[in-house]
Amino acid sequence: MDKRAARSLSLITGRFISGLMMVLAVSACTSRSSWHLEQVTGHLPELNFSLTSDTGQAVTAETYDGHVLLMYFGFTHCEAECPVSMARLARITQLLGSDAQQVRVLFVTLDPERDTPQVLHRYVTQFDPVHAVGLTGSKEDIEALTKQYRAAYRPRSKISESRDIMHSDAIYIFDSRGQARLLATSADSDENLEQDLRRLLASADGIRQ
Amino acid sequence: MDWLYWFKPWEASILVAGATAVAAILFLKGSARSKPSFQQKSYFWAGLVSVYLVSHTQFDYYSEHQFFIHRLQHLVLHHLGPFLIVLSRPSATLLGGMPPRIRRVFRLMAGWRPVQYLIRALCNPIVAVTLFCGLIGFWLLPAIHFTAMIDWRLYRLMNWSMFVNGLIFWGLVLHPGPILSVRLSPGSRIVMMLAVAPPQIVMGAMIFFASQELYPIYTICGRAIGGLSALADQQIGGIILWIHGAMMSAIGVLIVVRNELMPRKHVRQEQSS
């Protein structure tokens, strides 16, 4: 009797696990087919920071309420990924045309010691003077923000002065209410990014009406 | 004081800190009473400390951002840590360290029907083997792995599930005495350990031989170690699962053979120590 009970229990657990795996696999597939970029809705926390903008103003996530945000972690001395990504983001805001009014690109520096608001201002306006905003702040605030979004980042002083800053190459996309929605990388095409952003902008309008 | 920085939790968890502290205090208090052997003590502390170090220090940052270090973390959480803790046979010492009232509650709970059913189900050899391998495979499904690495709640659930499952499995196969009323012969326990090796070898080989990146999350969020390509990282991770994961089974089998199936001389020595 006990053996039978144990066997049926093992069958039930087996079925439960396989069922759960199926559900998760199916949900992963459907979410992939509808968006081009990786969907992260509900998995990453709401945008929350208090930093200084490139114009020297204290800003928080609420400052950009109503905008679709593209957040990128980098630093102005970065030679490889950052300029490429910033140029790409500028290209995308161009592609979006008038819709880009509702979009802001947040370039969060990982090197706050060297990247003062003035340096950041000069840097971001080179790429996109209208939609790009440079953000800096204390080391702790920036580290907390990267940690919140699971972006790889080791501050220079902790490892060695000579090494480059390790950082993530992800573009974190938030909807107009500050909810993390999508993750893009350099592997995603400009068109895919543009299409998903248009879709996000359209749904954001729908919410507001 | 730079080295102290490495022991600072990357993401502080009250649950990890609390559980480790409670286990440590219970073991210390219980040791005064039941006087475990030096060997038992060293196994217990090595297991507990290694689990704590990989989950509640700066090591955790590297596990989040490098696939092969994530595999190393799970090797400790699922294999090495629970293995060592179980080898120390800590249950009598831990129970002895509990205040009498809590010990009574603990015993009452163990006698409770639903708990007994649950334990009996988990101790079923087929369920235990399936859960042990299924859990490794489940968290390594690319879509699931992506979500688990991005969502801190799932990440913690993943690590806890691995550790608890490790304790259950190794507790079942390395422990000669009955667990509540379940008693398995040394032979069936050896078969269980041998049964979990091939799935780990297959999964490790599948990851090792994959020609494309299976876990893009590490590229998206950035890798902790520069200069190592995505595929190289993945291959090292695959090798760790393939060889080191399966190797623990071999060690477990040797321990059971030595302690229980070798001529009596050894058994008597064990008991007297």
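Structure: see above.
Predicted, not measured: the structure shown is a model, and the values here were computed from it.

Here is what the cut-offs are and how they apply
- Residues numbered from 1 in each chain as written.
- Chains lettered and ligands numbered in written order.
- Predicted model: local features only at pLDDT ≥ 70, side-chain atom pairs only at ≥ 80, totals over all residues.
- Heavy atoms only, no water.
- Helix = DSSP H or I, 4+ residues; strand = E, 2+ residues; numbered from the N terminus.
- Areas by Shrake-Rupley, 256 points an atom, 1.4 Å probe, with all protein chains shown as cover.
- Disulfide = S-S within 2.5 Å.
- Buried < 20%, exposed > 50% of the residue type's maximum accessible area, 1.4 Å probe, protein only.
- Salt bridge = Lys/Arg side-chain N within 4 Å of Asp/Glu carboxyl O.
- Phe/Tyr/Trp six-rings, centres within 6.5 Å; stacked < 30°, edge-to-face > 60°.
- Polar contact = N/O pair within 3.5 Å; in protein donor to acceptor, adjacent residues only side chain to side chain.
- Contact = heavy atoms within 4.5 Å.
- Axes fitted to C-alpha atoms, helices over the stretch in contact; angles between N-to-C directions.
- Parallel < 35°, antiparallel > 145°, perpendicular 65-115°, else oblique.
- Left-handed = near helix turned anticlockwise from the far one by under 90°.
- Nonpolar A, V, L, I, M, F, W, Y, C, P; charged D, E, K, R; others polar.
- Buried area = accessible area lost by both parts, 1.4 Å probe.

Caption draft 1: Looking closely at the overall build of chain A. Counting secondary structure elements, chain A contains 6 helices and 10 strands. In the form shown here, chain A has an accessible surface area of approximately 10300 Å², with 54% of it arising from carbon and sulfur atoms.

Caption draft 2: Representation of the state of the cysteines within the structure. Residue and element names in this part refer to chain A. By the definition in use, this model includes 1 disulfide over all chains. At a sulfur-sulfur separation of 2.5 Å, the disulfide partner of Cys78 is Cys82. Negative torsions about the S-S bond denote left-handed disulfides, and the value of about 100° found for Cys78 with Cys82 makes this one right-handed. Each member of the pair, Cys78 as well as Cys82, is classed as buried.

Caption draft 3: Up close: the pattern of salt bridges. All told, the structure shown has 13 salt bridges over all chains when counted by the stated rule. Between A:Arg198 and A:Glu194 there is a salt bridge whose closest N-O contact spans 3.1 Å. A residue pair is termed a helical-turn pair when its members lie 3 or 4 positions apart in one helix, as A:Arg198 and A:Glu194 do in helix H6 (residues 190-208) at 4 residues. Judged by its relative accessible area of 32%, A:Arg198 falls in the partly exposed class. Residue B:Glu213 pairs with B:Arg223 through a salt bridge whose shortest N-O separation is 3.9 Å. Of this pair, B:Glu213 sits in the loop between helix H12 (186-209) and helix H13 (217-221) while B:Arg223 is found in the loop between H13 and helix H14 (230-261), placing the two residues 10 residues apart along the sequence. On the basis of relative accessible area, B:Glu213 is assigned to the partly exposed category, the value being 30%.

Caption draft 4: Inspection of the packing of aromatic side chains at higher detail. All names here are of chain B. On inspection of all chains with the given rule, the structure shows 25 aromatic pairs over all chains. Their ring planes at 85° and their centres at 5.0 Å tell us that Phe208 and Phe209 sit as a pair that is edge-to-face. Note on Phe209: relative accessible area 59%, which makes it exposed. In textbook terms, an aromatic cluster arises when at least three aromatic residues are bridged by ring pairs, as seen for Tyr5, Trp6, Trp10, Tyr61 and Tyr62.

Caption draft 5: Geometry of the side chain of B:His70. Residues and elements named next belong to chain B. Within the secondary structure layout, His70 lies in helix H5 (residues 67-87). The exposure class assigned to His70 is buried, which follows from its relative accessible area of 1%. For His70, the side chain forms a polar contact with the side chain of Arg71, separated by 3.3 Å. Ignoring sequence-local partners within four residues, the contact set of His70 consists of Ser63, His145, Met149, Met158 and Tyr218.

Caption draft 6: Here's a closer look at the packing of helix H9 (residues 125-140) of chain B against H12(B). Residues and elements named next belong to chain B. The N-to-C vectors of H9 and H12 enclose an angle of 15°; their axes lie 9 Å apart at closest approach. Between H9 and H12, the crossing angle belongs to the class labelled roughly parallel. The handedness of the crossing between H9 and H12 is right-handed. For the pair formed by H9 and H12, the contact residues are Pro125, Ala128, Val129, Phe132, Cys133, Ile136, Gly137 and Leu140 on the first element and Met192, Ala195, Val196, Pro199, Gln200, Met203 and Ile207 on the second. A class-by-class count of the residues in the contact of H9 with H12 yields 13 nonpolar, 2 polar and no charged.

Caption draft 7: Just the interface of chain B and chain A, in detail. Counting from both sides, the interface comprises 35 residues of chain B and, opposite them, 32 residues of chain A. Of the roughly 2800 Å² buried between chain B and chain A on both sides combined, carbon and sulfur atoms contribute 63%. Counting the surface chain B buries against chain A, the share from its top three residues, B:Trp10, B:Ile150 and B:Ile220, is 21%. Note that A:Arg150 is salt-bridged to B:Glu64, the shortest N-O span being 3.3 Å. Linking chain B to chain A there are 9 residue pairs in polar contact (both at pLDDT 80 or more). At the level of secondary structure, the elements contributing two or more residues to the side of chain B that touches chain A comprise helix H4 (59-65), helix H8 (113-122), H9, helix H10 (142-150), helix H11 (152-174) and H13 of chain B. In terms of residues, the side of chain B that touches chain A owes the most to one element, H10(B), which gives 6 residues. Across the side of chain B that touches chain A, the residue classes break down as 23 nonpolar, 6 polar and 6 charged.

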